[in-house]
Amino acid sequence: MKSLLVLLVLTAFTATADEIRVSRMTKDGPLERSFVLKTNIPNKVVIDCQSFIQGLRIGEFEQAINYLLDPEECEGLQVRIRSSLRKGHFHCIDVDQDIRSDRSCI
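Residues numbered from 1 in each chain as written. Predicted model: local features only at pLDDT ≥ 70, side-chain atom pairs only at ≥ 80, totals over all residues. Heavy atoms only, no water.

Asks: Got a sec to walk through the packing of aromatic side chains? Specific residues and values, please.
Replies: Enumeration according to the criterion identifies zero aromatic pairs in this entry. Over the aromatic face of Phe90 sits the side chain of Arg21, whose NZ or CZ is 4.5 Å from the ring centroid. (Phe/Tyr/Trp six-rings, centres within 6.5 Å; stacked < 30°, edge-to-face > 60°. Lys NZ or Arg CZ within 6 Å of the ring centre and 35° of its normal.)

Asks: I'd love a proper account of the pairing of strand 5 (residues 65–68), names of residues and values included.
Replies: What you see with strand 5 is a clean split: Ile65 and Tyr67 sit on the buried side and Asn66 and Leu68 on the side with no burial. Bridging between strand 4 (residues 55–58) and strand 5 involves four bridges; their strand directions are antiparallel. Bridged to Arg57 within strand 5 is Asn66. (Buried < 20%, exposed > 50% of the residue type's maximum accessible area, 1.4 Å probe, protein only. Helix = DSSP H or I, 4+ residues; strand = E, 2+ residues; numbered from the N terminus. Pairing = 2+ DSSP bridges.)

Asks: Tell me about the pattern of salt bridges, and please be specific about residues and values.
Replies: If you walk through the whole model with that rule in mind, you get six salt bridges. Residue Arg103 is joined to Asp94 by a salt bridge in which the shortest nitrogen-to-oxygen separation is 3.0 Å. By relative accessible area, Arg103 is classed as partly exposed at 34%. (Salt bridge = Lys/Arg side-chain N within 4 Å of Asp/Glu carboxyl O.)

Asks: Kindly report on the side chain of Gln54, identifying the contributing residues and their values.
Replies: Inspection of the secondary structure puts Gln54 in the loop between strand 3 (45–48) and strand 4. Not counting the four nearest positions on each side in its chain, Gln54 is found in contact with Arg33, Asp48, Cys49, Tyr67, Leu68, Leu69, Asp70, Pro71 and Cys74. (Contact = heavy atoms within 4.5 Å.)

Asks: I'd like a description of helix 2 (residues 71–86), backed by residues and values.
Replies: Under the 1.5 Å per step criterion, the end-to-end length of helix 2 is 23 Å for 16 residues, consistent within 8% with the ideal 22 Å. Here the buried face of helix 2 lies against strand 1 (19–27), strand 2 (34–39), strand 3, strand 4, strand 6 (90–95) and strand 7 (99–105). At the N-terminal end of helix 2, a side-chain oxygen is found 3.1 Å from the backbone nitrogen of Glu72, two or three residues along, and the residue is Asp70. In the segment just after helix 2, Gly88 is the residue with positive phi, at about 85 degrees. (Expected span 1.5 Å × (residues − 1). Polar contact = N/O pair within 3.5 Å; in protein donor to acceptor, adjacent residues only side chain to side chain.)

The structure is reproduced here in structure tokens:
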């Protein structure tokens, strides 16, 4: 039953969220390089460049989808998101099996 629920959540996410639109970035507690992103999807989205497993995480606990990034990619994505938001734009991240691209968007 649990695996069916996970499959349904993943299917729903994949079908509806090829583009994640980030509108805000706030610190994730005391961590200096981990941020919760406010997005157009209902799942919690975190970009974490501080933990052992670095990258973009969508969802929580066992249902989370992780997009792993090396340290330089992770820091670069954080910088680009912050830059877009400072300019008053959204930041769009295209995801599929991995992060295909990201860009400033309106």
